[in-house]
Amino acid sequence: MDTAPVDAFDTTLVLLTVEEAARRLRIGRTVCYRLISSGELESITVGHLRRVPADAVPEFVTRRRKRQQPTTITATAA
């Protein structure tokens, strides 16, 4: 019987299915396909299969975090 938590994932995987990438990002499969189509999330084809490199997931999150960080405004003395 498998006793691993539902959200546990194999860190040795190099390529993820779109569904696995979506689970890691906690988003739906359709949203994940949209991110791939727009080029925001890297993917490759292997034969007729679409795969997401495992390192593309944290890179996507890092880019999103940088984009959403508020810019620091420094006040200058007049």
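The text that follows walks through the structure, step by step, so that each part is easy to find. Since the structure is predicted, the reported quantities are computational estimates derived from the model, not experimental observations.

1. Quick notes on the overall build of the protein chain
Here's step 1: For the protein chain, the helix and strand inventory stands at three helices and three strands.
Here's step 2: Each helix and strand of the protein chain, placed in order from N terminus to C terminus, yields the pattern β-α-α-β-β-α.
Here's step 3: Each of the 78 residues in the protein chain was classed as buried or not, and the buried ones make up 22%.
Here's step 4: In the protein chain, of all internal contacts separated by at least 6 residues, the share reaching a separation of at least 24 is 43%.
Here's step 5: Summed over all atoms, the accessible surface of the protein chain reaches about 6,300 Å², with 55% contributed by carbon and sulfur.

2. Things to note about the pattern of salt bridges
Here's step 1: Applying the stated criterion across every chain, the model contains three salt bridges.
Here's step 2: With its nearest N and O atoms 2.8 Å apart, the salt bridge here joins Arg 64 to Glu 40. Taken together, the residues span a long stretch of sequence, with Arg 64 in helix 3 (residues 56-68) and Glu 40 in the loop between helix 2 (29-38) and strand 2 (44-46) at a distance of 24 residues.
Here's step 3: Exposure remark for Arg 64: the relative accessible area of 26% places this residue in the partly exposed category.
Here's step 4: Relative accessible area serves as the criterion here: at 24%, Glu 40 is assigned to the partly exposed category.

3. Comments concerning the sheet that holds strand 2
Here's step 1: Spatially, 1-3-2 is the arrangement adopted by the three strands of the open sheet, whose pairing is antiparallel. The two strands at the open ends of the sheet, each matched to only one other strand, are strand 1 (15-16) and strand 2.

4. Quick word on helix 3
Here's step 1: Over its 13 residues, helix 3 extends 18 Å from the first C-alpha to the last, a length consistent with the 18 Å expected when each residue adds 1.5 Å.
Here's step 2: Taken residue by residue, helix 3 has Ala 56, Val 57 and Phe 60 as its buried positions. Each buried residue of helix 3 lies within a common arc of 105° when the element is viewed along its axis, so the set occupies one face. Away from its buried face by more than 90 degrees, helix 3 exposes Arg 65 and Lys 66.
Here's step 3: Elements in contact with the buried residues of helix 3: strand 1, helix 1 (18-25), helix 2 and strand 3 (49-53).

5. Considering the nonpolar core
Generally speaking, nonpolar side chains in soluble globular proteins are found buried as a group.
Here's step 1: Grouped together as the largest cluster of nonpolar side chains are 14 residues, with contacts concentrated most on Ala 21, Cys 32, Ile 36, Leu 41, Val 52 and Val 57.
Here's step 2: Sorting the residues of this core by element identifies helix 1, helix 2 and helix 3 as the ones contributing at least two each.

6. A closer look at a nonpolar patch on the surface
Here's step 1: Taken together, the side chains of Val 14, Leu 15, Ile 44, Val 46 and Leu 49 present a nonpolar region at the surface, about 400 Å² in accessible area.
Here's step 2: Inspection of the secondary structure assignment puts Val 14 in the segment before strand 1.

What counts as what
- Residues numbered from 1 in each chain as written.
- Predicted model: local features only at pLDDT ≥ 70, side-chain atom pairs only at ≥ 80, totals over all residues.
- Heavy atoms only, no water.
- Helix = DSSP H or I, 4+ residues; strand = E, 2+ residues; numbered from the N terminus.
- Buried < 20%, exposed > 50% of the residue type's maximum accessible area, 1.4 Å probe, protein only.
- Contact = heavy atoms within 4.5 Å.
- Areas by Shrake-Rupley, 256 points an atom, 1.4 Å probe, with all protein chains shown as cover.
- Salt bridge = Lys/Arg side-chain N within 4 Å of Asp/Glu carboxyl O.
- Pairing = 2+ DSSP bridges.
- Expected span 1.5 Å × (residues − 1).
- Arc of directions from axis to C-beta.
- Core = buried A, V, L, I, M, F, W, Y, C linked by side-chain atoms within 4.5 Å.
- Patch = residues over 30% accessible without salt bridge, like charges linked within 9 Å, V, L, I, M, F, W, Y side chains within 5 Å.

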